[in-house]
Amino acid sequence: MRRSATSLRRRLTWTLIGGATLLAVLFFLVVRTYAQQIAQQSQDRILEASLTSLMDAAVVRDGEIEVDVPYAAFAMLDTAADDRVFYAVHQGDALLTGYDGLAEVPFDPAVGLDFQTQAFGGAEVRRATLTRALPAGPAPVLLTVSVAQTRDSLAGTLWAISVNAALFGGAFFVLAAGMALWTSRSTVRPLSQMAEAVARRGPRDLRPVVRPVPTELSPLVTSLNSLMTRLSHSLTQSETFIAEAAHRVRTPLATVRTHAEATLMRVDKDENRAALRSMIRAIDESSRAAGQLLDHAMVTFRGDQLERRQIDLVGICRELVDRLTPVAEMKDLELVLIAEGPVEVQGDPILIQNAVRNLIDNALKYSPPEGVVRIEVQRDPVAVVVCDEGGGFPAEQMAELSQRFQRGANAGDTVGSGLGLTIAQDVAEAHGGRLGLANLDEGGACATLYL
Ligand SMILES: Nc1ncnc2c1ncn2[C@@H]1O[C@H](COP(=O)(O)OP(=O)(O)O)[C@@H](O)[C@H]1O
Ligand SMILES: [Mg+2]
């Protein structure tokens, strides 16, 4: 089977899984960023409230600011994670109460409420700062209040949200990947089902595909069907042509041969008789060559779409031996069939018979008179062996003998076209076997048709 470079299903699966991964990661990032913003906003709001209540506690007395730090201003900043709280109150750039260095002073009142994330007291804190000008005597005094809080609780909340978002993202991904696999499989299924249905057909089954297919596949099915129609048409044509051609060539040749033989009886002159004899020989040769050419065409044609049936090799060989015995007797040769019981094999009876006939034919042609030709049907491995008592195959040509039109050095003036072994070999190969040629030690050629 041909391995395809790309797979539609794989491509579809990976595209969908890639999309799902991207969406899952995006989902996680969006949820986390949004959660971070919201958490920060709520911390800022509490810091602002705390800041305002500190600011409200400030009073100006004799041009000096007094702050009575209210407990509630810090109580509202209590968190589950026991975050630390820092504060600082400045008049101008002088620290009135609280932690020194918490905020840069003097602070520009135009900025309004300012939030900063900064390091303080060995931790990261979020600080809110507000400056107000309080009316006190001739010139107003600048009151700057800062409240800061560590971010442990915020980080904890964020972590919990991130874990949840990751879990949801992961679950979403697993779900989407599963759906991607399912979708790609079900999308490609009609295609593979169709391919399977066509592949399961017998070699001679060229009926059009009628099973319903998705609309995207219907152009393919339409062209497949039209291809099959054309193929079936041309196959029928070549089959008829082969049969017809065999008939048309052999019949007139046989007629001419009969006439020539009849004339030979009536002619006395030696030179005319010789001419007629060589004419008969030429007719035999052409008739045989035509026959073999057509046999070869038939083997090529049928071998391509082998018809496999349960057949009995012994039966086929016995029939051939019976049919060829008269031919063998003309040369004083004996045909011996060595076989036990039926040997069943899956194959094309016409092809196998043709191959074995060619092997027996060779044995009859290339062995001297008064010998024995053995035809043995073997069971394991399944094979037909044809051995004679002649001079054997020309050893140095062994490899080429089964090539098309190839005749051996020992062919001399025997009639033939060099296609017999080719036919046998093609038939063996069409059945998944091979043709073996060997010479016997005691002399004689052995051709084995492995099926
Ligand atoms: N039984 C055999 N004994 C000796 N040589 C053989 C035998 N069968 C085939 N050969 C050799 O193999 C060649 C090819 O055989 P084949 O293809 O049947 O052609 P053809 O019989 O027309 O010559 C023959 O020309 C011959 O040289
Ligand atoms: Mg031959």
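Worth saying up front: this structure is predicted, and the values here are computed from it rather than measured. (Residues numbered from 1 in each chain as written. Chains lettered and ligands numbered in written order. Predicted model: local features only at pLDDT ≥ 70, side-chain atom pairs only at ≥ 80, totals over all residues. Heavy atoms only, no water.)

**Structural notes on the overall build of the protein chain**
Here comes step 1: Assigned secondary structure in the protein chain consists of eight helices and 14 strands.
Here comes step 2: Since a compact globule built from 451 residues should have a radius of gyration of about 22 Å, the 51 Å found for the protein chain marks it as more spread out than a globular shape.
Here comes step 3: Summarising its shape, the C-alpha atoms of the protein chain cover approximately 170 × 50 × 40 Å along the three principal directions.
Here comes step 4: Residue burial in the protein chain is summarised as follows: out of 451 residues, 37% are buried.
Here comes step 5: In the protein chain, the proportion of contacts linking residues at least 24 apart, taken out of those at least 6 apart, comes to 64%. (Helix = DSSP H or I, 4+ residues; strand = E, 2+ residues; numbered from the N terminus. Rg over C-alpha atoms; globule rule 2.2 N^0.38 Å. Buried < 20%, exposed > 50% of the residue type's maximum accessible area, 1.4 Å probe, protein only. Contact = heavy atoms within 4.5 Å.)

**What about the domain arrangement of the protein chain?**
Here comes step 1: Under the domain assignment, the protein chain is made up of domain 1 (10-159), domain 2 (201-305) and domain 3 (307-451).
Here comes step 2: Relative to domain 3, the C-alpha centre of domain 2 lies at a distance of 23 Å.
Here comes step 3: Each side of the interface is counted separately: domain 2 has 14 residues, and domain 3 has 21 residues.
Here comes step 4: In this assembly, domain 2 packs against domain 3 so that about 1,600 Å² is buried in total across both faces, 56% of it on carbon and sulfur atoms. (Domains from an automatic or database assignment. Buried area = accessible area lost by both parts, 1.4 Å probe.)

**Observations concerning the layout of surface pockets**
Here comes step 1: In this structure, the largest pocket spans a volume of roughly 1,200 Å³.
Here comes step 2: Taken together, 36 residues form the lining of the largest pocket, with Asp-284, Arg-288, Val-327, Arg-357 and Asp-361 sitting closest to its centre.
Here comes step 3: Those elements that provide at least two residues to the lining of the largest pocket are helix H4 (218-266), helix H5 (270-304), helix H6 (313-330) and helix H7 (349-366).
Here comes step 4: Per-element tally for the lining of the largest pocket: the top contributor is H5, with 12 residues.
Here comes step 5: The residue inventory of the lining of the largest pocket, partitioned by class, reads 16 nonpolar, seven polar and 13 charged. (1 Å grid on protein atoms, 1.4 Å probe; cavity = no way out; pocket = protein on both sides within 12 Å on 5 of 7 lines; lining within 4 Å. Points joined across faces, edges and corners; volume = space filled by probe spheres on them. Nonpolar A, V, L, I, M, F, W, Y, C, P; charged D, E, K, R; others polar.)

**Looking at H6**
Here comes step 1: In this model, H6 (18 residues) spans 26 Å end to end at C-alpha, consistent with the 26 Å of a helix rising 1.5 Å per residue.
Here comes step 2: In H6, a bend of some 45 degrees at Leu-324 exceeds every other bend along the element, and Pro-326, a proline, comes one to four places later.
Here comes step 3: Within H6 the residues assigned to the buried category are Leu-313, Val-314, Ile-316, Cys-317, Leu-320, Val-321, Leu-324 and Ala-328.
Here comes step 4: Measuring from the backbone nitrogen of Val-314 back to the side-chain oxygen at the start of H6 gives 3.1 Å, which picks out Asp-312 as the cap.
Here comes step 5: Phi turns positive one or two residues past the end of H6, at Asp-332, with a value near 55 degrees. (Expected span 1.5 Å × (residues − 1). Bend = angle between axes of the 7 residues up to and from the residue. Polar contact = N/O pair within 3.5 Å; in protein donor to acceptor, adjacent residues only side chain to side chain.)

**Some words on the environment of Glu-370**
Here comes step 1: Checked against the element boundaries, Glu-370 lands in the loop between H7 and strand E11 (372-378).
Here comes step 2: The exposure class assigned to Glu-370 is exposed, which follows from its relative accessible area of 67%.
Here comes step 3: Along the chain, Glu-370 and Asp-332 lie 38 residues apart, while their C-alpha atoms are 4.8 Å from each other.
Here comes step 4: If we skip the residues at most four places from it in the chain, Glu-370 touches Lys-331, Asp-332 and Leu-333.

**Topic: the side chain of His-296**
Here comes step 1: Its location among the elements puts His-296 in helix H5.
Here comes step 2: Exposure remark for His-296: the relative accessible area of 9% places this residue in the buried category.
Here comes step 3: If we skip the residues at most four places from it in the chain, His-296 touches Arg-404, Leu-419, Thr-422, Ile-423 and Asp-426.

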